[in-house]
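# Examining the three-dimensional arrangement
One-letter residues, chain by chain:
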Amino acid sequence: MLLERPGAPLREVTLPRPVPGPGQVLLEVRACGVCRTDLHVADGELSDPKLPLVLGHEIVGRVAECGPGAARFARGDRVGVPWLGWTCGVCAYCRSGRENLCDRARFTGWQLDGGYADFTVADERFCFPLPAEYDDIEAAPLLCAGLIGHRALAAAGDALRLGLYGFGAAAHLVAQVARHEGRRVFAFTRPGDAAAQAFARELGAEWAGASDEAPPEALDAAIIFAPVGALVPAALRTVAKGGTVVCAGIHMSAIPSFPYDILWGERTVRSVANLTRQDGESFLALAPRVPVRTQTEALPLARANEALDRLRSGRLRGAAVLLPG
Ligand SMILES: [Zn+2]
Ligand SMILES: [Zn+2]
């Protein structure tokens, strides 16, 4: 399924099978998760995508062929491909354990073709072995919703009372990890979204309400997954002194101005960008121990546009996963 220009629906096309270059593996795609970032790329909210482009950066695949010099995996191995597709390895960020901020990084399904396809290629150094406890569909959402959620939760520090704004693919995984760690979870959804609020309570949230409501007590941190800038001042109003608001999405509408007193008291607003390979390894080791259960809705790859539309309008429970073939 090909994005030819932002704003246009994806088109089903037949492309030549990609050829793995040096250090790359050719993967037969088994499942590919649908992430909100795919929507931002498809809608033109992220600049300079490769065009035409195959979206998708939560790829579960089987190694079909190894390119020259690629020796990390064998044919038939199951691997996951995340958003971080390549880094330079030499810039100040790469050399200080912050490859997620690499100046020259390339991202799967943005600058590199991704997994909304039967076959794709990936740099083997950025692929992850996947825990056997998860089948292909269950594993797909771990690869972005899970990894970014994990990084965002780390950025929230040791907050006991944790707010989650936007209860979709990432939040439903973070909530399980947070409960496993003994944290208290408060979920905020679009006003009137009773289904998402019920889903949050099922996953251990002790309170679930609308994003314009006040929680029953002050929070120690809040993570914003929804791409809505107005949630930043809303979340700042819910966190106690010393609390942190983490913006976990790659794109957000403009943040409205707000009075200084809701930031005063050593509150922090920060973002989380991308992932490091270390994030991936630690989360994929943690997930089966929790165990994190992924709530998915599988659709044939040919229905990718429908999956994107439903994500855009909030009509998904958990994460959509596309199945080729
Ligand atoms: Zn770099
Ligand atoms: Zn993503």
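Below is a summary of the structure that appears in this document. Because the structure is a prediction, the values reported are computed rather than measured. Here, residues in each chain are numbered from 1, in the same order as that chain's written sequence. Each chain is given a letter, starting from A, and each ligand a number, starting from 1, according to the order in which they appear as written. The predicted nature of this model means local features are confined to residues of pLDDT at least 70 and side-chain atom pairs, given and counted, to a pLDDT of 80 or more, with totals for whole chains, interfaces and linings taken over all residues. Calculated side-chain values reflect all of the structure's heavy atoms, with hydrogen atoms and water omitted.

Attention shifts here to the coordination of the zinc ion (ligand 2). Put simply, the ideal angle at a metal is 109.5 degrees for four donors in tetrahedral geometry and 90 or 180 degrees for six donors in octahedral geometry. For the zinc ion (ligand 2), every protein donor is listed as C35 (SG), H57 (NE2) and C144 (SG), and the spread of their distances is 2.0 to 2.2 Å. Each metal's donors comprise the N, O and S atoms found within 2.8 Å of it (within 3.2 Å for Na, K or Ca). Water is not part of the atom list, so some coordination spheres may appear incomplete. Read in sequence order, the donor residues for the zinc ion (ligand 2) give the motif C-x21-H-x86-C. Here the residue H57 occupies a position in the loop between α1 (36–42) and β2 (59–66), and C144 occupies one in the loop between α2 (136–139) and α3 (145–155), the gap between them amounting to 87 residues. Partly exposed describes any residue whose relative accessible area lies between the buried limit of under 20% and the exposed limit of over 50%, with all areas from a 1.4 Å probe on protein chains only and scaled to the type maximum. Residue classification places H57 among the buried positions, given a relative accessible area of 1%. Under the DSSP-based scheme used, a helix requires at least four consecutive residues in state H or I and a strand at least two consecutive residues in state E, with every element numbered from the N terminus.

Moving on, we come to the pattern of salt bridges. Salt bridges are identified by distance alone: a Lys or Arg side-chain nitrogen within 4 Å of an Asp or Glu carboxyl oxygen. Across all of its chains, the model carries 17 salt bridges by this definition. The partner of R161 in a salt bridge is E217, and the shortest N-O contact between them spans 3.4 Å. In this pair, R161 sits in strand β8 (residues 161–165) while E217 sits in the loop between β10 (207–210) and β11 (219–224), placing the two residues 56 residues apart along the sequence. Given the relative accessible area of 19%, R161 is considered buried. With its nearest N and O atoms 2.6 Å apart, the salt bridge here joins E217 to R184. Linking E217 in the loop between β10 and β11 with R184 in strand β9 (residues 184–189), this pair joins segments that are 33 residues apart in sequence.

A few words on the packing of aromatic side chains. In this scheme Phe, Tyr and Trp rings, the latter by its six-membered ring, pair at centre separations within 6.5 Å, and the angle between planes marks the pair as stacked below 30 degrees, edge-to-face above 60, and tilted otherwise. All chains considered together, the criterion is met by 7 aromatic pairs. Over the aromatic face of F119 sits the side chain of R17, whose NZ or CZ is 3.9 Å from the ring centroid. Above the face of the W86 ring, R106 is positioned so that its terminal group lies 4.4 Å from the ring centre. Whether a charge sits over a ring comes down to the Lys NZ or Arg CZ being within 6 Å of the ring centre and within 35 degrees of the ring normal.

As a further point, take the sheet that holds β11. A sheet is described by the order of its strands in space; here 6 strands give the open sequence β10-β9-β8-β11-β12-β13, paired in parallel fashion. At either end of the open sheet lies a strand with only one pairing partner, and these are β10 and β13 (268–271). If you compare each strand with its neighbour and ignore which way they point, the axes differ by 20° on average. Paired strands are those between which DSSP finds at least two bridges. Relative to strand β12 (residues 239–247), β11 runs parallel, the two sharing 5 bridges. In the strand pairing of β12, A222 is matched with V245. Where helix α5 (residues 194–202) meets the sheet, its contacts fall on β9 and β10, and the angle it forms with β10 comes to roughly 160°. Along the sheet, helix α6 (residues 231–238) makes contact with β8, β9, β11, β12 and β13, crossing β12 at roughly 150°. The axes used here are C-alpha line fits, helices contributing only the stretch in contact, and every angle between their N-to-C directions lies in the interval 0 to 180 degrees. In what follows, a contact means two residues having at least one pair of non-hydrogen atoms within 4.5 Å.

Further remarks concern the packing of α3 against helix α4 (residues 169–180). Across the interface, α3 lies against α4 with an axial gap of 8 Å and an inter-helix angle of 55°. Of the possible angle classes, the one that applies to α3 and α4 is oblique. Both α3 and α4 take part in a crossing whose hand is right-handed. Of the residues in α4, those in contact with A145, G146, G149 and L153 of α3 are A169, A170, L173, V174, V177 and A178. Amino acid classes used here: Ala, Val, Leu, Ile, Met, Phe, Trp, Tyr, Cys and Pro are nonpolar; Asp, Glu, Lys and Arg are charged; the rest, including Gly, are polar. Class assignment of the residues belonging to the contact of α3 with α4 gives a composition of 8 nonpolar, 2 polar and no charged. Should an angle lie under 35 degrees it is considered roughly parallel, over 145 roughly antiparallel, and from 65 to 115 roughly perpendicular; all remaining angles are considered oblique. Each helix crossing is assigned a hand: it is left-handed if the near helix lies turned anticlockwise from the far helix by less than a right angle, otherwise right-handed if that turn is clockwise.

Time to look at the pairing of β12. Handedness of the crossover is the feature at issue here: the chain leaves β11, passes through α6, returns alongside β12, and the resulting connection is right-handed. Pairing between β12 and β13: 4 bridges, direction parallel. Bridging from a neighbouring strand, T244 pairs with T268 of β13. Place the viewer so that the strands point away; then a crossover is right-handed whenever the path from the first strand over the helix to the second strand goes clockwise.

Excluding glycine, a negative phi dihedral is what most residues carry, and trans is how most peptide bonds are arranged. Of note, the bond from L51 into P52 is cis; its omega dihedral lies within 30 degrees of zero at -10°. In this model, V290 is joined to P291 through a cis peptide bond whose omega is -15°. Inspection of the secondary structure puts P291 in the loop between α7 (277–286) and β14 (296–300). Non-glycine residue D48 carries a positive phi angle of around 55°.

Packing of α3 against α7 leaves a shortest axis separation of 9 Å and a crossing angle of 100°. As summarised for this structure, α3 and α7 are arranged roughly perpendicular, according to the angle between their axes. On α7, the residues touching G146, L147, H150 and R151 of α3 are D279, G280, S282, F283 and L286. A breakdown of the residues in the contact of α3 with α7 according to their chemical character gives 3 nonpolar, 4 polar and 2 charged.

The residue R72 is located in the loop between β2 and β3 (78–81) in this model. What makes R72 partly exposed here is its relative accessible area of 40%. Once the C-alpha coordinates of R72 and G23 are considered, the two residues, 49 residues apart in sequence, prove to be 9.0 Å apart. Leaving out residues up to four positions away in the same chain, R72 has contacts with E124, R125, F126, C127 and P129. Polar contact is the term for a pair of N or O atoms within 3.5 Å; when the atoms are in protein, one must be able to donate a hydrogen and the other to accept it, and sequence-neighboring residues count only if both atoms are side-chain atoms. A distance of 2.8 Å separates the side chain of R72 from the backbone oxygen of E124, its partner in a polar contact. In terms of polar contacts, R72 uses its side chain to reach the backbone carbonyl oxygen of C127, at 2.9 Å.

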